[in-house]
Amino acid sequence: MPDAALLGLVVDRIDARPPADSGGALVLAAFSGPAAVDAALHGDFEPSSAAGANGAGARPPSAVYLTGIEVEGFRGVGPTTTLAIDAGPGLTLVVGRNGSGKSSFSEALEMVLLGTNKRWEQRVKVWRDGWQNLHHRHTRVVARFAVDGRKQPLEVARVWKDGEGLDGSTLFVDGKPAQLDALGWAHPLSGYPPLLSHNELEHALDREQSKLYDALAAILGLGDLAEAQQVLQKARLAREREVKDAREALPALRGLLERTSDERAALVRSALAAKVWDLDAVSATVGGDAENDERSVLRKLRDLAGLPVLDRDRLNAAIAGLRDAHAAAERLRGTDAGRAHEVAALLEQALAVHAHAEDERCPVCGTEGVLTYQWRLQARDQVVALHAEAEAVRTSRGMLENAVRQARQLVTAPLKALRDGAGAGIDIAPVIALWERWAEVSADDDAIALASNLETHGPPLIAAVADLRRAAAAELERLERAWRPAADAIALWLPLGRRAQEAEGDANRLKDAERWLRDAHDELRDERFRPIAGAVQENWTELRQDSNVSLGDLRLLGAQTQRRLSLDVKVDGEDGSALGVMSQGELNCLALSLFLPRASMPESPFRFVVIDDPVQAMDPAKVAGLATVLARAARERQVIVLTHDTRLADAMRALDIAATVIEVVRREHSVVELRRIQDPVQRYIEDAFAVAMSRDVPAEALRVIPGFCRLALEAAASLAATRRLLHQGKTYAEVQAVLAKPTTLNMWLALALLNDPERSGDVIGFLQKQFPWAVDAVKECNRGTHSGKLSGDVKEFIRSVERLTRKMLER
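Conventions we followed
- Residues numbered from 1 in each chain as written.
- Predicted model: local features only at pLDDT ≥ 70, side-chain atom pairs only at ≥ 80, totals over all residues.
- Heavy atoms only, no water.
- Helix = DSSP H or I, 4+ residues; strand = E, 2+ residues; numbered from the N terminus.
- Buried < 20%, exposed > 50% of the residue type's maximum accessible area, 1.4 Å probe, protein only.
- Axes fitted to C-alpha atoms, helices over the stretch in contact; angles between N-to-C directions.
- Contact = heavy atoms within 4.5 Å.
- Nonpolar A, V, L, I, M, F, W, Y, C, P; charged D, E, K, R; others polar.
- Core = buried A, V, L, I, M, F, W, Y, C linked by side-chain atoms within 4.5 Å.
- Phe/Tyr/Trp six-rings, centres within 6.5 Å; stacked < 30°, edge-to-face > 60°.
- Lys NZ or Arg CZ within 6 Å of the ring centre and 35° of its normal.
- Pairing = 2+ DSSP bridges.
- Salt bridge = Lys/Arg side-chain N within 4 Å of Asp/Glu carboxyl O.
- Arc of directions from axis to C-beta.
- Polar contact = N/O pair within 3.5 Å; in protein donor to acceptor, adjacent residues only side chain to side chain.

As for unusual backbone geometry
The phi torsion of most residues other than glycine is negative, and most of the peptide bonds are trans.
Thinking step 1. With a phi angle near 50°, R75 is a residue other than glycine that sits in the positive phi range.
Thinking step 2. By the element assignment, R75 lies in the loop between β1 (64–72) and β2 (81–84).
Thinking step 3. Even without glycine at this site, N755 takes up a positive phi of about 65°.
Thinking step 4. Summarising the element assignment, N755 is placed in the loop between α28 (745–754) and α29 (763–770).
Thinking step 5. Owing to a relative accessible area of 49%, N755 belongs among the partly exposed residues under this scheme.

What follows is the structure, given as structure tokens:
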């Protein structure tokens, strides 16, 4: 999951300087993975979802302090021993001679958190075989933490069943089997490791420069940027491969098309010759849509192969119908029925003339008075009678007319498809000639002539059209057989071409987004690394202590390739390489300078750092510098340092640096004992006793004793209040706000004893009831600090103060 703060910086840069071609969505999608990039390329990615998924929805782990490490049967520790550590910022030294078992505690913590120990990595098997204590074969390691907002401590343990190997442990969280990922610590442990073993310290700068770069890049969130760049790069390369595959397959396809004598091959070659392939035209050609062009040979051949063939049975039926109807009409022509039909027709014509004439004279013979009204009535009756007599004639003539009409329907002009068939590679001239003779029928109703024309020209036309159809179909089949290999090759290549055409545009968009993110990566890298580089310089300034080596600017250079951490130095003003000119002690100082800022990043949930034996190879001056650096880190972090070298504790005392010192002593059979030999409270008490018991100290020197005692009481009050508030689930920020309120001794005592610094006026009354023996001691601390004078037994006064500090810490 990308870092929300980093993603916010990327969004801000997109708003200020948008990538080309609306590439902002692509850039943000890259942080969510390849599937999101694919969605963004298709316009289906909502940029706000990336910010939402990695912003408010991403809840970081709560801040944690280390409160104890319990070890049993592991490394140099036999029976169960617990290293208790006060929660909250501060410096704790765990000291002991070599072999005392002190490092077993840091290694146990490493096993709890990581499930392995880097000390044994890349070592021969014998190193791993010594993981279990020789005197105590039941192994269990536990780390306890104070978690912001949680009342009860968090307990994380690894337990081995008897006889199990190093890798056979089971992880328990609060007594239940679990995975460490459930705590959300996997990424912080990698990015902000709170543990620095002596082995890592000495070899931290031995690693490849790219690994140093990656370690620092991870805590800056640059790993997320690099991963996003890789997502874009892989997406671009995949699409460029698609374009390359399509282009590499094209020459073979073009060669095949050039060898194919088909008009479709020419169409496809033309479509693929353009700068932008016309793949729709290619698809239409392969799919047959190109044959819709009337000029296409294929279209002409298909039309010729589909020419309608005159039905021979229908032709014969039409010829027979003509001749039969004509014969029937001829048989009735000379009969009475025929004459009745003719007379009826003549009378109908006379009646029609008489209807428009007013005289009664016959228009044929001129006889007067014959076409009378009476004649008209008689003529109508006669017409009705004659029509009935001539019905057979009318029926016969109707049949003849129908036969002629049916026959003429068979006679058509040559079809357009036939006339347009020229150029298709088929000889259509004979068929056109036959069809034209077939269509040469007179316009009169001579049934015999029509029947003769049908009988003469019909059968040859039927045969010629059938032959033409077969020839066109054969030519089509020949062309299809010749075209099929090219068509199959085109169909196989076409999906590549379509993907390549889409991929080419996508690749260009991805390239622009990738370039934008690469530039943003360098800017953000420099911006986010600047505070770390400053902290490293500050630490080195303290740690170098009389060294003639000065550290130049630290820079992270490169990105995906040639990544390195620039560690250039100057030796007496001359440029040099850090790894080449520094002593081991100086390299250790530099490694520590890099480790502390990294482990102390605000984004880390670990408010503690554990450093094992950092003093080796350092001269006394550098040990003093180390004490100063550790003290500065302890202002905001819980710093635990394990060392066998007493020089660090000596330097802290000399520099008046407050620290809790715990001594580790190993007895027979791996029995390890721990004792606090100097915490801030005890230190002030011991300093007071030291002054009081000195015989050669002038009387004026005794005036510092009330001050030491007052500081002891205030330190005890602060520690007691801190423990109580953390137990109540308060955050460290809330604890610090409370600790900032007391300004007097009584206010500190009121905070520790009455839970309220504002009740300082009630302190003496509370002491009189609960601890009456402490009243005079407190008054003496207040009075003696200002007057410098002590009354009564000084040692008894100090013992009363010491007793009160224990009572406060027991509450």
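Still more to cover.
Side note on the packing of helix α20 (residues 447–544) against helix α23 (residues 620–633)
Thinking step 1. In contact at an axis separation of 6 Å, α20 and α23 are set at 145° when each is read in the N-to-C sense. Residues E538, N539, E542, L543 and R544 of α20 form the contact with α23, whose participating residues are K622, G625, L626, T628, V629 and R632.
Thinking step 2. Among the residues forming the contact of α20 with α23, the class breakdown is three nonpolar, three polar and five charged.

Some remarks on the nonpolar core
Thinking step 1. L767, I798 and M808 are the most contacted members of the largest nonpolar core, which has 44 residues in total.
Thinking step 2. Those elements that provide at least two residues to this core are α25 (680–692), α26 (705–727), α27 (732–739), α28, α29, α30 (775–787) and α31 (794–810).
Thinking step 3. Top contributing element to this core by residue count: α26, with ten residues.
Thinking step 4. Beyond its immediate stretch of four places on either side in the chain, L767 contacts L753, P772, V775, V778 and L804.

Quick notes on the packing of aromatic side chains
Thinking step 1. Under the criterion given, the structure shown has nine aromatic pairs.
Thinking step 2. Arranged with centres 6.2 Å apart and planes meeting at 75°, the rings of F766 and F771 form a pair that is edge-to-face.
Thinking step 3. What makes F766 buried here is its relative accessible area of 16%.
Thinking step 4. Among the aromatic residues, ring-to-ring pairing joins F145, W185, F606 and F608 into one connected group.
Thinking step 5. Of note, R803 hangs over the ring of W773, and the distance from its end group to the ring centre comes to 3.9 Å.

Regarding the environment of R397
Thinking step 1. With respect to the helices and strands, R397 occurs in helix α17 (residues 391–410).
Thinking step 2. On the accessibility criterion, R397 (37% relative accessible area) is partly exposed.
Thinking step 3. When the C-alpha atoms of R397 and E330 are compared, they prove to be 9.6 Å apart, with 67 residues separating the residues in sequence.

Let's talk about the sheet that holds strand β4 (residues 140–147)
Thinking step 1. Taken in spatial order, the six strands make up an open sheet running β2-β1-β4-β5-β6-β7, and their pairing is antiparallel. Every other strand in the sheet has two partners, leaving β2 and β7 (176–177) as the edge strands with one partner each.

Remarks on the environment of G43
Thinking step 1. Looking at the secondary structure, you find G43 in the loop between α3 (34–41) and α4 (47–54).
Thinking step 2. On the basis of relative accessible area, G43 is assigned to the exposed category, the value being 61%.
Thinking step 3. C-alpha of G43 to C-alpha of L26: the two residues are 17 residues apart in sequence and 9.6 Å apart in space.

Re the pairing of β2
Thinking step 1. Residues T81 and L83 point to one face of β2 and are all buried, whereas T82 and A84, pointing to the other face, are not buried.
Thinking step 2. Across four bridges, β1 lies against β2 in antiparallel orientation. Pairing of E70 across the sheet is with T82, part of β2.

Quick look at the pattern of salt bridges
Thinking step 1. Considering all chains together, one arrives at 34 salt bridges under this definition.
Thinking step 2. In this structure, R478 engages E475 in a salt bridge whose closest nitrogen and oxygen atoms are separated by 2.6 Å. Taken together, the residues span about one helical turn, with R478 and E475 both in helix α20 at a distance of three residues.

Overview of helix α12 (residues 279–287)
Residues spaced three or four apart along an α-helix point in a common direction, a consequence of the helix completing one turn every 3.6 residues.
Thinking step 1. Every buried residue of α12 is listed here: L279, V282 and T285. Buried residues of α12 fall within an arc of 120° about the axis and therefore sit on the same side. α12 presents D280 and G287 as exposed residues on the side facing more than 90 degrees away from its buried surface.
Thinking step 2. In the segment just after α12, G288 is the residue with positive phi, at about 95°.

Focus on the side chain of T139
Thinking step 1. Structurally, the position occupied by T139 is in the loop between α6 (125–129) and β4.
Thinking step 2. From its side chain, T139 meets the backbone oxygen of G73 in a polar contact 2.8 Å long.
Thinking step 3. Here the side chain of T139 touches Q132 through a polar contact of 2.8 Å, side chain to side chain.

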